[in-house]
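Structural overview for review
One letter stands for each residue in the lines below.
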Protein chains: 4
Amino acid sequence: MAQRIYLISTGGTIEKVYSETTGTVKNVDFKLDRYLQSLRLPDLEIDAVRLMNKDSLEMTDADRDLVLATVRAKLVGIPAPFVITHGTDTMVETGLHLKANLSDLPAPIILTGAMTPLGFERSDGLQNLTESLIAARILQPGVWLVMHNEVFPIDRVRKDRERAVFVSLDGTGPGAANS
Amino acid sequence: MAQRIYLISTGGTIEKVYSETTGTVKNVDFKLDRYLQSLRLPDLEIDAVRLMNKDSLEMTDADRDLVLATVRAKLVGIPAPFVITHGTDTMVETGLHLKANLSDLPAPIILTGAMTPLGFERSDGLQNLTESLIAARILQPGVWLVMHNEVFPIDRVRKDRERAVFVSLDGTGPGAANS
Amino acid sequence: MAQRIYLISTGGTIEKVYSETTGTVKNVDFKLDRYLQSLRLPDLEIDAVRLMNKDSLEMTDADRDLVLATVRAKLVGIPAPFVITHGTDTMVETGLHLKANLSDLPAPIILTGAMTPLGFERSDGLQNLTESLIAARILQPGVWLVMHNEVFPIDRVRKDRERAVFVSLDGTGPGAANS
Amino acid sequence: MAQRIYLISTGGTIEKVYSETTGTVKNVDFKLDRYLQSLRLPDLEIDAVRLMNKDSLEMTDADRDLVLATVRAKLVGIPAPFVITHGTDTMVETGLHLKANLSDLPAPIILTGAMTPLGFERSDGLQNLTESLIAARILQPGVWLVMHNEVFPIDRVRKDRERAVFVSLDGTGPGAANS
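Only a predicted model underlies this, so the values are computations on that prediction, with no experimental measurement involved.

1. Looking at the sheet that holds strand E6 (residues 108–112) of chain B
Residues and elements named next belong to chain B.
- Taken in spatial order, the six strands make up an open sheet running E4-E1-E5-E6-E7-E8, and their pairing is mixed. In this open sheet, the two strands that pair with only one neighbour each are strand E4 (44–54) and strand E8 (150–153). Along the sheet, successive strands turn relative to each other by an average axial angle of 20 degrees, direction set aside.
- Against the sheet, helix H4 (residues 125–138) makes contact with strand E1 (3–11), E4, strand E5 (82–85), E6 and strand E7 (142–147), and its axis sits at roughly 170 degrees relative to E6, the strand it touches most.

Okay, here's the thing in structure tokens:
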């Protein structure tokens, strides 16, 4: 039986698209699916929830509660790992909200996103998605942020906006799980 | 300080290139580097060893001994995870050789490869490389095979040639680490 | 009313695919369509004929007669330009056969192909296809070979196998139409 | 001797890049070079002039005069075709300015650009660049707009903003040169 995973998309840069009429980059369409199709996932059963499609700077407390409620509802059913795609600016905030309100998790919850939208030159989107989907099979229960070949416990990470990377809070580098 | 990883390349389909003069696909050039450059690895220090560039059906016992000796030599120095790129046909054989001859591993050893060469349409090469590089940071010490969003202990996996996938020996699906 | 074009595919490297079971590159599936979809052709009506899917070294006199008969049949109907995708090794031979047996052409016939299959890293296939489709709208009636930003009258060109390029017979460079 | 071509870049969507710090798409870097490297141009000698990098809505009369002066200066030297990359919003205006002020052209001048930046998913940039570079070898002297497999005399074309295409002024479709 294939491994089940819950994939909750909330928007963020990873799903932004370029508009030819306005020349801007916005959250309009869900586009993870197109890129998931380029991956080989013979043993994965993805239960996808398209929750919202927002720039994470526009996410409200109500939005974060909705993410939490969605996770809770799935956990009542069949326990399985979660990958949540999210804008990077408030990804940690949402992750901390989940951590503060969920206990005895049976599986890991992974937040991920991208600095450049999926499908744009030099995008990190597919890398982060690929990493999160396999980390979901390996990591212990807990709330994690996975991007750029790094795995951070959600309460030990912050975004370094100028360098467009996430860094460990304790300044000693990434909180890789086995180091 | 960045996470160190040893990346040992031995050839296999993942590094095959198309020859315009012969119209065939062969192991000639090392090409992992070009694809690694498309990944964001801000906290990874890759110590790359280009050991050989062979179709894995042509690998000899001496070749497998050389892989083993290379791993041993690195372990004597600075312990760190290994990712070994390898042809899929005898990847398990090489992995079992490592497992049988190494004990008290301080870090995981991951074998990976591809069904279609890196950079060819529908290639699984970059996916497998991305997965292996992050699995190397998370998995427990041991010898693993990582491909297609699956993680197998090396002694519980075989290649299903007709379907071009790896499957669990016990027939119950992939040996995902946390399931 | 959109510009009509006849697109006759005969195989050749441009349509070769990689087989995961054999590790070889062969003419099996027609795949031009997938790549044509990546082009914007708002004013083009493509009448596609999948005639055969052969390595051009295996094309026989009967095959070349079939290409000729197909062109003739279309010309009896609605006159329009032709793009013929073809293996590079005998592309000139087929082109000369068309030129020798067709007179008073109402539109150009363009032969094109690729040195590396469509969708493989560093492929020239989409470039050559793109060039041929626009050259078909501009060139005068006649039989032409279009590849690598060059336009050759079919009776003034040969393949330079070692360099994997086409060169002008007269040694003075490509027979670009307006130079 | 290779065919010479003058490639004048003025900016526009084709050269826009995504900024990770602002989340916007802007004219900052010249990036045609990176994409030209993916094309095979064995007989082309590109004389590239990076004139400016502007959204075409911000181009002034002085800017258009500078484009004209640049063309004139090159024509005084070695006559050769021109490809001018330009934002689509005022591409026709610049083209008409060139046509009104240049006479007895020895070679074609082609304006091109893109609806979506080079390297973004579904971009038409590389297609338009490829088309323009070969059209430059075939078209008669004059000022032309080349995009999306269409060739328009500059005084018979306008942009249809809603459909993100260029259309013929006379409403009868594209002004393809040989139809």
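2. A short note on the relation of the copies chain A and chain B
- Least-squares fitting of chain A to chain B yields an RMSD of 0.0 Å, with the superposition described by an axial translation of 0.0 Å and a rotation of 180 degrees. Taken together, the turn and the small shift mark the pair as related by a two-fold rotation axis. Residue Glu131(A) of chain A places its C-alpha closer to the rotation axis than any other residue of that unit, at 2.8 Å.

3. Quick word on the confidence of the model for chain A
Residues and elements named next belong to chain A.
- Mean pLDDT over chain A: 94, with 95% of residues reaching 70 or higher.
- Under a pLDDT of 50 for its full length, residues 173–179 has, in the predicted model, 23 contacts with residues more than four places off or in other chains.
- Predicted as a complex, the structure gets a pTM of 0.95 and an ipTM equal to 0.94.

4. Describing the interface of chain A and chain B
- Each partner contributes residues to the interface: chain A has 36 residues there, and chain B has 36 residues.
- Summed over both sides, the interface between chain A and chain B buries roughly 2900 Å², with carbon and sulfur atoms accounting for 55% of that surface.
- Taken together, the links from chain A to chain B amount to zero salt bridges.
- Here chain A and chain B share eight residue pairs in polar contact (both at pLDDT 80 or more) between them.
- Taken together, the elements giving at least two residues each to the side of chain A that touches chain B come down to helix H4 (125–138) and strand E8 (150–153) of chain A.
- Among the elements that take part in the side of chain A that touches chain B, H4(A) stands out by supplying nine residues, more than any other.
- A class-by-class count of the residues in the side of chain A that touches chain B yields 19 nonpolar, 10 polar and seven charged.

5. Describing the environment of Asp55(C)
All names here are of chain C.
- Tracing the sequence through the fold places Asp55 in the loop between strand E4 (44–54) and helix H2 (61–76).
- Separated by 35 residues in sequence, Asp55 and Thr90 place their C-alpha atoms 9.3 Å apart.
- Look past the residues within four positions of Asp55 in its chain and what remains in contact with it is Gly12, Lys16 and Asn27.
- A polar side-chain atom of Asp55 sits 2.9 Å from the main-chain amide nitrogen of Leu57.

Calculation criteria
Residues numbered from 1 in each chain as written. Chains lettered and ligands numbered in written order. Predicted model: local features only at pLDDT ≥ 70, side-chain atom pairs only at ≥ 80, totals over all residues. Heavy atoms only, no water. Pairing = 2+ DSSP bridges. Helix = DSSP H or I, 4+ residues; strand = E, 2+ residues; numbered from the N terminus. Axes fitted to C-alpha atoms, helices over the stretch in contact; angles between N-to-C directions. Contact = heavy atoms within 4.5 Å. Least-squares fit on C-alpha atoms with pLDDT ≥ 70 in both. pLDDT = per-residue confidence, 0-100. Buried area = accessible area lost by both parts, 1.4 Å probe. Salt bridge = Lys/Arg side-chain N within 4 Å of Asp/Glu carboxyl O. Polar contact = N/O pair within 3.5 Å; in protein donor to acceptor, adjacent residues only side chain to side chain. Nonpolar A, V, L, I, M, F, W, Y, C, P; charged D, E, K, R; others polar.

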